[in-house]
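Coordinates in review
So you can see what is in the structure, the chains are spelled out below.
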2 protein chains.
Amino acid sequence: MNYMVIQNKRTFIIVGHKATTSPNFSLEDIPGTSGRLDILCRAVTAAFVLSHGIRKDVCVYLVLLGGEIPKTIQLRGETLRHLNPDERTTAALLKKALAVPAAPQWALSTSGIFVRSGGLVELLADLKDARMIYLREDGADIRTLDAGGHCCETAFILGDHTGMTPDEESLIEHAGAKVVSLGPTSLHADHCVVLINWLLDTNVFMPE
Amino acid sequence: MNYMVIQNKRTFIIVGHKATTSPNFSLEDIPGTSGRLDILCRAVTAAFVLSHGIRKDVCVYLVLLGGEIPKTIQLRGETLRHLNPDERTTAALLKKALAVPAAPQWALSTSGIFVRSGGLVELLADLKDARMIYLREDGADIRTLDAGGHCCETAFILGDHTGMTPDEESLIEHAGAKVVSLGPTSLHADHCVVLINWLLDTNVFMPE
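This text gives an overview of the structure that appears in the document. Note that this is a predicted model, so its numbers are computed, not measured.

**A short note on the overall build of chain A**
Helix and strand content of chain A: six helices and 10 strands. For 208 residues, the compact-globule estimate of 2.2 N^0.38 gives 17 Å, and chain A sits close to it at 16 Å. Taking the contacts inside chain A whose residues are at least 6 apart along the sequence as the reference set, 71% of them involve residues at least 24 apart. Of the roughly 8300 Å² of accessible surface on chain A, a fraction of 55% belongs to carbon and sulfur atoms. Looking at charge distribution, chain A has the averaged site of its 19 positive side-chain charges lying 6 Å from that of its 24 negative ones.

And the structure:
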């Protein structure tokens, strides 16, 4: 199957540098057996779950670099099913997705979850028409971002606990990403996602 | 042992209406066996974990009402140990605390974690000198809060997925709590905690 990459209102890209591309990790010890897939699980729930529902206008890409070849998992709010707020349920959904044979085209796992081979290079090429925002502590204050007419085509790029490599930094820069910051305190990826959702919800982005 | 309740810079009170007061829940199915203790676990990590460390200036009280008698667990950032960002590790720490016999005085579990019998009535009495802020969707915009000289004595009260009962609302009102809101979107308690920490970090509270 091949699914077009359609721009959602809110797109989050989270890069897991050690995150496993294999389903052979233990749900009893996610941090210790999956290359910190727990970080990505929490980013997924932060992106989607509301107190009573799922954000339909969100799309998340998890770039998993802890295998022989990279894989990317895509989660789309408008059709996403079976996502609960707890970490283990999310990990179980990702486990299922990683059991699907990954080719360069998107393949469906469970409802709203797709997987393919390929990493950041391929994803940034797909999203070349989107406005890219890269979160890094030394960036410009996120509250100075222009939310204007671009908001339907914005993708936020976040790293995991290891930060981006120089090659990735270069790729992201080449993609024209604007570097913005949520402040001097270094936060976990899921907390950054919570904050971005809220900033978008409450329209505090100001004109540049 | 008896520990004085010392006001921290940031205090969060999270009420778990169905949350178990027994250690006999399964770490393999936290949401299904613990009365949604998973909600409180995520609130704890949201309150404390930074990308590279623990917030020392935070204190969290978990009010557990899903047993025969209520219990309260206190977590204090300045001495808290063994807290990892994942949900299961936090649940394991709470499990240990719930295995400690609970009396009306605080008893130490693992470093930085204390437990006692008693619920919201006792806690609000202990914190009677603090400025109380109660988070509810229909409250005043949180960004209009005066962060001024009171910030060392502010306690934020949050509910779980079931909301507060009329009796609890009345107790909280009687404690002089100001009702504030993070916006019209109903968010999970842990997401609210992330936002409050960030608002305090970035000093966006404005004078009233």
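**Notes on the packing of aromatic side chains**
All names here are of chain A. In total, this model carries four aromatic pairs over all chains according to the counting rule given. Taking 6.0 Å as the distance between ring centres and 40° as the angle between the ring planes, the aromatic pair formed by Tyr61 and Trp106 counts as tilted. Of the two residues, Tyr61 sits in strand β4 (residues 58-64) while Trp106 sits in the loop between α3 (87-99) and β6 (107-108), which places them 45 residues apart along the sequence. Each of the two residues, Tyr61 as well as Trp106, counts as buried. Here the guanidinium or amino end of Lys95 rests over the ring plane of Phe25, the centre of that ring lying 4.8 Å away.

**Let's talk about unusual backbone geometry**
Apart from glycine, the bulk of residues carry a negative phi angle, and the bulk of peptide bonds sit in the trans form. All names here are of chain B. Backbone geometry places Arg36, a non-glycine residue, at a positive phi of 65°. Under the relative-accessibility criterion, Arg36 is labelled partly exposed at 23%. In the Ramachandran plot, His82 falls in the positive-phi region, its phi being about 70° despite a non-glycine side chain. Structurally, the position occupied by His82 is in the loop between β5 (71-76) and α3 (87-99).

**Considering the interface of chain B and chain A**
Contacts between the two partners involve 31 residues from chain B and, on the opposite side, 32 residues from chain A. Summing both sides of the interface, chain B and chain A together bury roughly 2800 Å²; the carbon and sulfur share of this comes to 61%. On inspection of chain B and its partner chain A, the count reaches zero salt bridges. Where chain B packs against chain A, one counts 11 residue pairs in polar contact (both at pLDDT 80 or more).

Here is what the cut-offs are and how they apply
Residues numbered from 1 in each chain as written. Chains lettered and ligands numbered in written order. Predicted model: local features only at pLDDT ≥ 70, side-chain atom pairs only at ≥ 80, totals over all residues. Heavy atoms only, no water. Helix = DSSP H or I, 4+ residues; strand = E, 2+ residues; numbered from the N terminus. Rg over C-alpha atoms; globule rule 2.2 N^0.38 Å. Contact = heavy atoms within 4.5 Å. Areas by Shrake-Rupley, 256 points an atom, 1.4 Å probe, with all protein chains shown as cover. Lys, Arg positive; Asp, Glu negative; His and termini not counted. Charge placed at Lys NZ, Arg CZ, Asp CG, Glu CD. Phe/Tyr/Trp six-rings, centres within 6.5 Å; stacked < 30°, edge-to-face > 60°. Buried < 20%, exposed > 50% of the residue type's maximum accessible area, 1.4 Å probe, protein only. Lys NZ or Arg CZ within 6 Å of the ring centre and 35° of its normal. Buried area = accessible area lost by both parts, 1.4 Å probe. Salt bridge = Lys/Arg side-chain N within 4 Å of Asp/Glu carboxyl O. Polar contact = N/O pair within 3.5 Å; in protein donor to acceptor, adjacent residues only side chain to side chain.

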